[in-house]
Amino acid sequence: MAQSEGEGPPAEAASAPAVAKPAGASLMSLLFHDAPGRWPAMPPLRWQGSLTFEERLTSNSFGKTSQSMEYARLATSTYIREPWIAQVTANLGLLTQQERVTSDNPDVAPSTSQRGVAVTGGGMLSVFPRSRFPFTATFDNTDSRTSGDVVASDYVSRLLALRQTYRTPLGDQIYTGSLERSTLISDSFGRDTVTALNGTMNRTLPTHVIDVLGAIAENRRSATDDGARTMRLSGHDNWRPNDTTTLDSLASFSLIDALNSGNRDRFLQLNTFGTWRPSEDSPFFVTGGGRYADTAFDSGGQSVSVRTLSTNAAVTYALTERANVFGAMNLARVQSNESSAFLTTQVLGANYTSAPYHFGGFDYSWSTSANGSNQTSTAGTSQRTLLGQLGHQVSRGFRISDAVQLSANMNETGSVFRQSDVGVSHTLQHSAGVSLNVTPNPASSALVSATVGDSRTEGANPSSFQIANVQTSGNLQLGVFSLLSANLTVQAVRQRNRLEDNNERTSVMRSGNVTYHHRRLFRVRSLRFVATAQFNDVQLESRLLGDINAPHDQYTRFFESRLEYTIGRLDFRLGTRIAQTDGRTDRQLFFRVNRDFGLY
């Protein structure tokens, strides 16, 4: 029978299955926005780039080095589907360099000339960046010559980092884990690689706050075929059941294994410390705790270990607001490779601090204290000590103007210390300090302080100790366009022990930096002058201990002055540098031109 007009399609046709989507359609819908009736739309792509030219002339005790560098860099940023799903950044750079080395002694090191090409680049993928469980993966391949900063030796840096964080819905638990690998490659020191695995946990309970940290790191250096393997694990618990009771507990373990040398340091400790008082206004205050420590040193096949187990308790009673009496007891067992001993210590004492006296703008107060102790040991030794102290101090503040304030203080303390097995020692200590606080305007504040101290001991343990310390910190707006910032410490120490053939030791340490910045030199718009000085007498092998961000070489002294001029996106730099490291002084003259372009 013929189908009548107006009827629907046959049943078989009506129930025919829909055409299947291509296998990659779901992936395409994830990466791109759906646009009905049109091709899927890509997320917006933001990009920027730069072109750089730099000329350097460096001279040191080995000769002169001239470097010409051209660097081109392109970076882009976008997201996948939505910004809260995943964000992506990437960059690519090309560096060309011509280096000419002129030796001062051609017989030892001939003059050379070479060209080189290097590729830099990297990127970052951030998945669910605004969620409770963001994940970040980073890869970065950079060349120190493109940074515009001076380094002890040119190197390539490669960094790979994976980081995962998780936070519970209530926010009372936070977990993080990361795997990082940093490699520095240089013709001067070879390959320096640090691999670090870190994990942390923080949990907050009604009466507890718990923190756990674990880290494993390894550093390997190809030039010296050595390195170090470190391991750290710690847990901290703060328990506060009420306003008058606290208990802090700490467990930590650390291991430093020097590769290919046989040296190993291991340290384990369990420590707890608590405080309690019957009420907030009670004159009684009780403290106590316990500690277990296990330390071992292995060097050259020889091992030294020390184990200590101790417990202590102390009670303080406030007679008045300014007078206290106290008593304490400590029990300890100390065991080493060759001996073992059980020690007990008891201490009784009192202290008093007077109320401040005010006269003529000066503040004066005095204090005194005395205590005695008794120590016994199963090793057959015992010791009793008596200590008495009397001191006074005076201070004065001077208001020079609304923006400048000066304060000064002086202290003097005398003490008598008697040891049953040594004798009596008399110590006289003096200290003085002055500080200048300058706040010329709300945007400026600077502090300069200087302190000196002297301690001299006569009697059973004759010795002397002197210290001088100068510190500067803050930002000082010298004018409309000039700024001086500083964070510098200079400290000198001299000590002498007369029992050791009158041996005297003197040391001076400098650390910090000072920077002067003028934003409009000679009243020329966009012409800037920057001068920087850095000092670092303390050299820490942070990279050897697993710090991936630490440099391989550190300068002990660094001075730089430069002129900067900007026209739109065109930036010029002309300057000089003087850097000292490992007894070598590098003097450098550089000129740099950089042109930025792009959308961000």
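Quick caveat: nothing in here was measured; it's all calculated off a predicted structure.

Criteria and thresholds
Residues numbered from 1 in each chain as written. Predicted model: local features only at pLDDT ≥ 70, side-chain atom pairs only at ≥ 80, totals over all residues. Heavy atoms only, no water. Phe/Tyr/Trp six-rings, centres within 6.5 Å; stacked < 30°, edge-to-face > 60°. Helix = DSSP H or I, 4+ residues; strand = E, 2+ residues; numbered from the N terminus. Lys NZ or Arg CZ within 6 Å of the ring centre and 35° of its normal. pLDDT = per-residue confidence, 0-100. Contact = heavy atoms within 4.5 Å. Salt bridge = Lys/Arg side-chain N within 4 Å of Asp/Glu carboxyl O. Buried < 20%, exposed > 50% of the residue type's maximum accessible area, 1.4 Å probe, protein only. Polar contact = N/O pair within 3.5 Å; in protein donor to acceptor, adjacent residues only side chain to side chain. Pairing = 2+ DSSP bridges. Patch = residues over 30% accessible without salt bridge, like charges linked within 9 Å, V, L, I, M, F, W, Y side chains within 5 Å. Areas by Shrake-Rupley, 256 points an atom, 1.4 Å probe, with all protein chains shown as cover.

With that settled, consider the packing of aromatic side chains. For the structure on display, the rule yields nine aromatic pairs. Arranged with centres 5.8 Å apart and planes meeting at 85°, the rings of Phe-535 and Phe-559 form a pair that is edge-to-face. One end of the pair, Phe-535, is in strand β26 (residues 527-536); the other, Phe-559, is in strand β27 (residues 557-567), and 24 residues separate them in sequence. Positioned over the ring face of Phe-362 is Arg-396, at 5.0 Å from the centre of the ring. Cation over ring: Arg-577 sits above Phe-590, and NZ or CZ is 3.9 Å from the ring centre.

Moving on, we come to the confidence of the model for the chain. In this model, the chain carries an average pLDDT of 88, and 91% of its residues clear a pLDDT of 70 or more. This stretch, residues 1-24, has a pLDDT under 50; its non-local contacts, to residues over four places away or in other chains, come to one contact.

We now examine the pattern of salt bridges. This structure, assessed with the given rule, holds 25 salt bridges. The shortest N-O distance in the salt bridge between Glu-218 and Arg-220 comes to 3.1 Å. Among the salt bridges present, the one from Asp-571 reaches Arg-528, with a minimum N-O distance of 3.4 Å. Linking Asp-571 in strand β28 (residues 570-581) with Arg-528 in strand β26, this pair joins segments that are 43 residues apart in sequence. A relative accessible area of 18% means that Asp-571 is categorised as buried. In this structure Arg-528 comes out as buried when scored by relative accessible area, which is 18%. Here the salt bridges share partners, and the residues they tie into one network are Arg-528, Glu-560, Arg-562, Glu-564, Asp-571, Arg-573 and Arg-577.

Our focus in this paragraph is the environment of Arg-264. One can find Arg-264 in strand β12 (residues 264-276). What makes Arg-264 partly exposed here is its relative accessible area of 36%. For the pair Arg-264 and Gly-423, spaced 159 residues apart in sequence, the C-alpha separation works out to 40 Å. Among residues more than four places away in sequence, those in contact with Arg-264 are Leu-255, Ile-256, Asp-257, Ala-296, Phe-297 and Asp-298. Of note is the side chain of Arg-264, whose polar atom sits 3.0 Å from the side chain of Asp-257.

So, about the environment of Arg-145. Relative to the helices and strands, Arg-145 resides in the loop between β5 (135-143) and β6 (156-167). Judged by its relative accessible area of 16%, Arg-145 is buried. Arg-145 sits 318 residues away from Ser-463 along the chain, and the two C-alpha atoms are 52 Å apart. Look past the residues within four positions of Arg-145 in its chain and what remains in contact with it is Glu-54, Arg-56, Gln-67, Met-69, Leu-95, Gln-97, Ala-118 and Asp-154. In this structure the side chain of Arg-145 is engaged in a polar contact, spanning 2.8 Å, whose partner is the side chain of Gln-97. Engagement of the side chain of Arg-145 in a polar contact is seen with the side chain of Asp-143, the distance being 2.7 Å.

Attention now goes to the pairing of strand β9 (residues 208-221). Pairing of strand β8 (residues 190-204) with β9, which is carried by 13 bridges, proceeds in the antiparallel orientation. Across the sheet, Val-194 pairs through a bridge with Asn-219, a residue of β9. Linkage of β8 to β9, two consecutive antiparallel strands, is achieved through a turn of three residues. Both β9 and strand β10 (residues 226-242) contribute to a ladder of 14 bridges, which runs antiparallel. Paired with Asp-211 across the two strands is His-236, which belongs to β10. Hairpin connection, β9 to β10: the antiparallel pair is bridged by four residues, and Asp-225 has positive phi, about 55°.

Moving on, we come to a nonpolar patch on the surface. Together, Phe-139, Leu-160, Leu-162, Leu-179, Leu-197, Ile-216 and Met-231 make up an exposed nonpolar region whose accessible area comes to about 580 Å². Mapped onto the secondary structure, Phe-139 falls in strand β5.

Quick look at the pairing of β27 now. By the bridge criterion, nine bridges tie β26 to β27 in an arrangement that is antiparallel. Residue Ala-531 lies in a different strand from β27, and its bridge partner there is Ser-561. Pairing analysis gives eleven bridges linking β27 to β28, with the strands arranged antiparallel. Along β28, the bridge assignment pairs Glu-560 with Arg-577. Once β27 ends, the chain turns through two residues before running back antiparallel as β28, passing Gly-568 with a positive phi of about 60°.

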